[in-house]
Amino acid sequence: MKYKKTFFVVLTIFITITAVAFIYSNTYKNRLNNTYHEPQYILEARKNIVGVWYQEENPTTWVEYTISGTEHMHGEGYEEKGSYKIVNTTPICGEDVEVDEGKETMYLQSKDGDYEFCQEIIYIDNKKLNLSRVGPYSPRVTIYLKK
């Protein structure tokens, strides 16, 4: 009987220590994955881009970015839905691009089915978004204002 009590106490302590270690390691891994590889300016841009933006030159053309990564584009005679992400990787859309965390380079990568469209984010805050297309039609800058 004495050995059974000791066995159950040791077993309970072992299970408790294992559970605490498992929970701590998962929490640390998630925190590391969320912030270690992503610079703060990328995290800020992902937060700031959520909402409805209309083109400064053509207010009837607008795009909505959601927190879940979907993109809804609207213009005269068209409506498209796709996904987007903000990255600082190269190559992007088949083009070698500059990636410099000191200059806070970042890119908006949109995808609609098999079609991929990439733009450099030149500036973003809560009210203004400046984009420049990556590729052969550069350096035209499109300015969007937040509704």
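Looking at this model, I keep getting lost on the overall build of the protein. Mind explaining?
For the protein, the helix and strand inventory stands at two helices and eight strands. Its helices and strands taken in sequence order, the protein reads α-α-β-β-β-β-β-β-β-β from the N to the C terminus. When the 147 residues of the protein are sorted by exposure, 29% land in the buried category. Considering only residue pairs separated by 6 or more positions, the protein has 36% of its internal contacts joining residues 24 or more positions apart. For the protein, the computed accessible surface area is about 10,200 Å², with 57% contributed by carbon and sulfur atoms.

Help me understand the state of the cysteines, please; the structure alone is not making it clear to me.
Formally, a disulfide is one covalent bond, and it connects the sulfur atom of one cysteine to the sulfur atom of another. Per the counting criterion, the structure on display carries one disulfide. The disulfide that involves cysteine 93 links it to cysteine 118, with 1.8 Å between the sulfurs. Given an S-S torsion of about 70°, the disulfide between cysteine 93 and cysteine 118 has right-handed geometry. Taken as a pair, cysteine 93 in the loop between β4 (78-87) and β5 (107-112) and cysteine 118 in strand β6 (residues 115-124) lie far apart in primary sequence, 25 residues in all. A relative accessible area of 2% places cysteine 118 in the buried class.

Would you explain the packing of aromatic side chains in this entry?
Here the structure, examined in full by the defined rule, presents two aromatic pairs. On the numbers, 6.5 Å between centres and 25° between planes, the contact of tyrosine 115 with phenylalanine 117 is stacked. Relative accessible area serves as the criterion here: at 48%, tyrosine 115 is assigned to the partly exposed category. In this structure, lysine 147 is placed above the aromatic ring of tryptophan 62, and the distance from its NZ or CZ to the ring centre is 5.4 Å.

Quick question: what am I supposed to make of the environment of serine 110 here?
Relative to the helices and strands, serine 110 is located in strand β5. Serine 110 gets classed as buried once you look at its relative accessible area, which sits at 7%. Remark: the alpha-carbon pair of serine 110 and glutamate 71, spanning 39 residues in sequence, is separated by 7.8 Å. The contacts of serine 110, once residues within four sequence positions are left out, are Glu71, Ser83, Tyr84, Tyr115, Glu116 and Phe117. Within polar-contact distance, the side chain of serine 110 engages the side chain of glutamate 71 at 2.9 Å.

Explain the side chain of glutamine 55 here, please?
Following the sequence through the fold, glutamine 55 ends up in strand β1 (residues 51-55). Polar contacts involving the side chain of glutamine 55 include one to the side chain of tyrosine 144, which spans 3.3 Å. Apart from the residues within four sequence positions on either side, glutamine 55 is in contact with Thr61, Thr142, Ile143 and Tyr144.

Scoring rules and cut-offs
Residues numbered from 1 in each chain as written. Predicted model: local features only at pLDDT ≥ 70, side-chain atom pairs only at ≥ 80, totals over all residues. Heavy atoms only, no water. Helix = DSSP H or I, 4+ residues; strand = E, 2+ residues; numbered from the N terminus. Buried < 20%, exposed > 50% of the residue type's maximum accessible area, 1.4 Å probe, protein only. Contact = heavy atoms within 4.5 Å. Areas by Shrake-Rupley, 256 points an atom, 1.4 Å probe, with all protein chains shown as cover. Disulfide = S-S within 2.5 Å. Phe/Tyr/Trp six-rings, centres within 6.5 Å; stacked < 30°, edge-to-face > 60°. Lys NZ or Arg CZ within 6 Å of the ring centre and 35° of its normal. Polar contact = N/O pair within 3.5 Å; in protein donor to acceptor, adjacent residues only side chain to side chain.

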